[in-house]
Amino acid sequence: MTNTWYLYLFFAAALVFAGLLGLLGKRNLIKLFIAIEVIGKGISLLLLGTGFAKASILTAQALVITYIVIEVSLVATALALIINIYRHTKSLDVRNLAKLKG
Amino acid sequence: MILQTALLIALVIFSVLAIVLKDLLRSAISLAVSSLLLGIVFFRMNAPYAGVFEISVVAGLITVLFILTIALTKSGDEVRESRLVNWVFPVVFVAFIVIDALVMKGLMGKIPALAAGAESGTFGDVLWRGRTLDLVGQIAVILAGVFAVLALFRKRDKHD
């Protein structure tokens, strides 16, 4: 059972790190949000993998479903914000957000 | 076990593609494919409800929302990304994978995990009785999301 847990932890860490690298390097707002989604995938894989390895899959499933529901309203709100930012600045470059000051 | 590993490797590859690809539409579709693969992994872990939610909601609904946003912001992919990222990303990622493989085994022993008690009942029992407060929170979050979207898209008054 430890081997499967190792497998899930390994890939979850890889997903989270890929998302963090994307967040650090990219400038397009939609790309940044895709990176956040990838981090979320890593976290839900970690939750379910640990639940599977520790024989408490039902609780882990309930947590993952809670996370997915929250993710949907997060995505809806964030994409609406991105569309509004695009209407104001006519670009999706994250550096232009600094010009919104004042 | 081998199939599961192959699925997980494909999941990581498609997630990295979703971040690296320049075309936004292609990266949204690779994100959907990675959600689909994650859903299949969940099914194979005996977690059918999480798998169904992952495939229907994340691979379906969220992809539609992303594609809608990409269509509404047409010139979005004209953002100039820094060239440094193009070669730094793969190098650092591969380095992390190597470190991950070496270190994770040692870290695993140190991760405090709750003592697992034997679970009884069905998934419905756990969700509706054990985690009732989560469901209330979910309803609140969905309502907050709806109000946020409504507030962001409200029409301006004439006085503004």
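Residues numbered from 1 in each chain as written. Chains lettered and ligands numbered in written order. Predicted model: local features only at pLDDT ≥ 70, side-chain atom pairs only at ≥ 80, totals over all residues. Heavy atoms only, no water.

Caption draft 1: Representation of the overall build of chain B in the model. Of regular secondary structure, chain B possesses six helices and zero strands. In sequence order, chain B lays out its α and β elements as α-α-α-α-α-α. A globule of 160 residues ought to have a C-alpha radius of gyration of about 15 Å, yet chain B, at 21 Å, is considerably larger. Overall size of chain B, expressed as C-alpha extent along the three principal axes, is 60 × 45 × 30 Å. Counting across all 160 residues of chain B, residues that qualify as buried make up 32%. A fraction of 52% describes how many contacts in chain B between residues 6 or more apart in sequence connect residues 24 or more apart. Of the accessible surface of chain B, which amounts to about 10200 Å², a share of 70% is contributed by carbon and sulfur atoms. Side-chain charges in chain B split into 14 positive and 11 negative, and the spacing between the mean points of these groups amounts to 4 Å. (Helix = DSSP H or I, 4+ residues; strand = E, 2+ residues; numbered from the N terminus. Rg over C-alpha atoms; globule rule 2.2 N^0.38 Å. Buried < 20%, exposed > 50% of the residue type's maximum accessible area, 1.4 Å probe, protein only. Contact = heavy atoms within 4.5 Å. Areas by Shrake-Rupley, 256 points an atom, 1.4 Å probe, with all protein chains shown as cover. Lys, Arg positive; Asp, Glu negative; His and termini not counted. Charge placed at Lys NZ, Arg CZ, Asp CG, Glu CD.)

Caption draft 2: Structural context of empty space enclosed by the protein. Going through the model one piece at a time under the given rule, you end up with two cavities of 30 Å³ or more. Taken as a whole, the largest cavity holds about 50 Å³ of empty space. The element that contributes the greatest number of residues to the lining of the largest cavity is helix α4 (residues 83–110) of chain B, accounting for four residues. Residues that form the lining of the largest cavity fall into these classes: four nonpolar, one polar and one charged. Lining the second largest cavity are G40, K41, S44, Y67, I68 and E71 of chain A together with L38, E54 and V58 of chain B. (1 Å grid on protein atoms, 1.4 Å probe; cavity = no way out; pocket = protein on both sides within 12 Å on 5 of 7 lines; lining within 4 Å. Points joined across faces, edges and corners; volume = space filled by probe spheres on them. Nonpolar A, V, L, I, M, F, W, Y, C, P; charged D, E, K, R; others polar.)

Caption draft 3: Looking closely at α4 of chain B. Residue and element names in this part refer to chain B. With 28 residues, α4 should reach 40 Å at 1.5 Å per residue; the first-to-last C-alpha distance of 39 Å fits that figure. The sharpest bend along α4 comes to roughly 45 degrees, located at M104. Every buried residue belonging to α4 is among V85, F89, F93, D100, M104 and M108, and all of these are buried. (Expected span 1.5 Å × (residues − 1). Bend = angle between axes of the 7 residues up to and from the residue.)

Caption draft 4: Highlighting the nonpolar core. Among the nonpolar cores identified, the biggest contains 71 residues, and I30, L45 and L48 of chain A together with L8, F66 and F93 of chain B are the most heavily contacted of them. At the level of secondary structure, the elements contributing two or more residues to this core comprise α1 (2–25), α2 (29–53) and α3 (57–89) of chain A together with α1 (2–20), α2 (24–44), α3 (48–72), α4 and α5 (123–130) of chain B. If you count residues domain by domain, this core takes at least three from each of domain 1 (1–74) and domain 2 (122–155) of chain B. In contact with L45 of chain A, other than residues within four places in its own chain, are Y8, F11, A12 and L15 of chain A together with L8, L11, L38, V41, F42 and M45 of chain B. (Core = buried A, V, L, I, M, F, W, Y, C linked by side-chain atoms within 4.5 Å. Domains from an automatic or database assignment.)

Caption draft 5: Representation of the domain arrangement of chain B in the model. According to the domain assignment, chain B consists of domain 1 (1–74) and domain 2 (122–155). Using only C-alpha atoms to locate each centre, domain 1 of chain B and domain 2 of chain B end up separated by 23 Å.

Caption draft 6: Region of the structure containing the packing of aromatic side chains. One pass over the structure, following the stated rule, counts six aromatic pairs over all chains. Look at Y8 of chain A and F52 of chain A: their rings are 6.2 Å apart centre to centre, the planes differ by 80 degrees, and that puts the pair in the edge-to-face class. Residue Y8 of chain A is found in helix α1, and its partner F52 of chain A is found in helix α2; the two are separated by 44 residues along the sequence. Y8 of chain A sits in the buried class, given a relative accessible area of 4%. Aromatic pair F89 of chain B and F93 of chain B: ring centres 6.1 Å apart, planes at 15 degrees, arrangement stacked. Of this pair, F89 of chain B and F93 of chain B are both found in helix α4, four residues apart, which corresponds to roughly one turn of the helix. (Phe/Tyr/Trp six-rings, centres within 6.5 Å; stacked < 30°, edge-to-face > 60°.)

Caption draft 7: Just the packing of α2 of chain B against α3 of chain B, in detail. All names here are of chain B. Two numbers describe how α2 lies on α3: the axes approach to 7 Å, and their chain directions differ by 175 degrees. Relative to α3, α2 is oriented roughly antiparallel. Residues L24, L25, A28, L31, A32, S35, L36, L38, G39, I40, F42 and F43 of α2 pack against P48, A50, G51, V52, E54, I55, V58, A59, T63, F66, I67 and I70 of α3. Residue classes in the contact of α2 with α3 are distributed as 19 nonpolar, four polar and one charged. (Axes fitted to C-alpha atoms, helices over the stretch in contact; angles between N-to-C directions. Parallel < 35°, antiparallel > 145°, perpendicular 65-115°, else oblique.)

Caption draft 8: Region of the structure containing the interface of chain A and chain B. Opposite the 69 residues of chain A that make contact, chain B presents 81 residues. Both sides together, the interface formed by chain A and chain B hides about 6800 Å², and carbon and sulfur atoms give 77% of it. Its largest share of buried area at the contact with chain B, chain A owes to Y6, K41 and L58 of chain A, together 9% of the area lost on that side. Taken together, the connections running from chain A to chain B amount to one salt bridge. E54 of chain B is the salt-bridge partner of K41 of chain A, the closest N and O atoms lying 3.9 Å from each other. Across the chain A-chain B interface, the total number found is nine residue pairs in polar contact (both at pLDDT 80 or more). Contributions of two or more residues to the side of chain A that touches chain B are made by α1, α2 and α3 of chain A. (Buried area = accessible area lost by both parts, 1.4 Å probe. Salt bridge = Lys/Arg side-chain N within 4 Å of Asp/Glu carboxyl O. Polar contact = N/O pair within 3.5 Å; in protein donor to acceptor, adjacent residues only side chain to side chain.)

Caption draft 9: Expanded view of the pattern of salt bridges. Tallying each qualifying case throughout the model produces three salt bridges over all chains. For the salt bridge of D93 of chain A with R95 of chain A, the shortest nitrogen-to-oxygen distance reads 2.7 Å.

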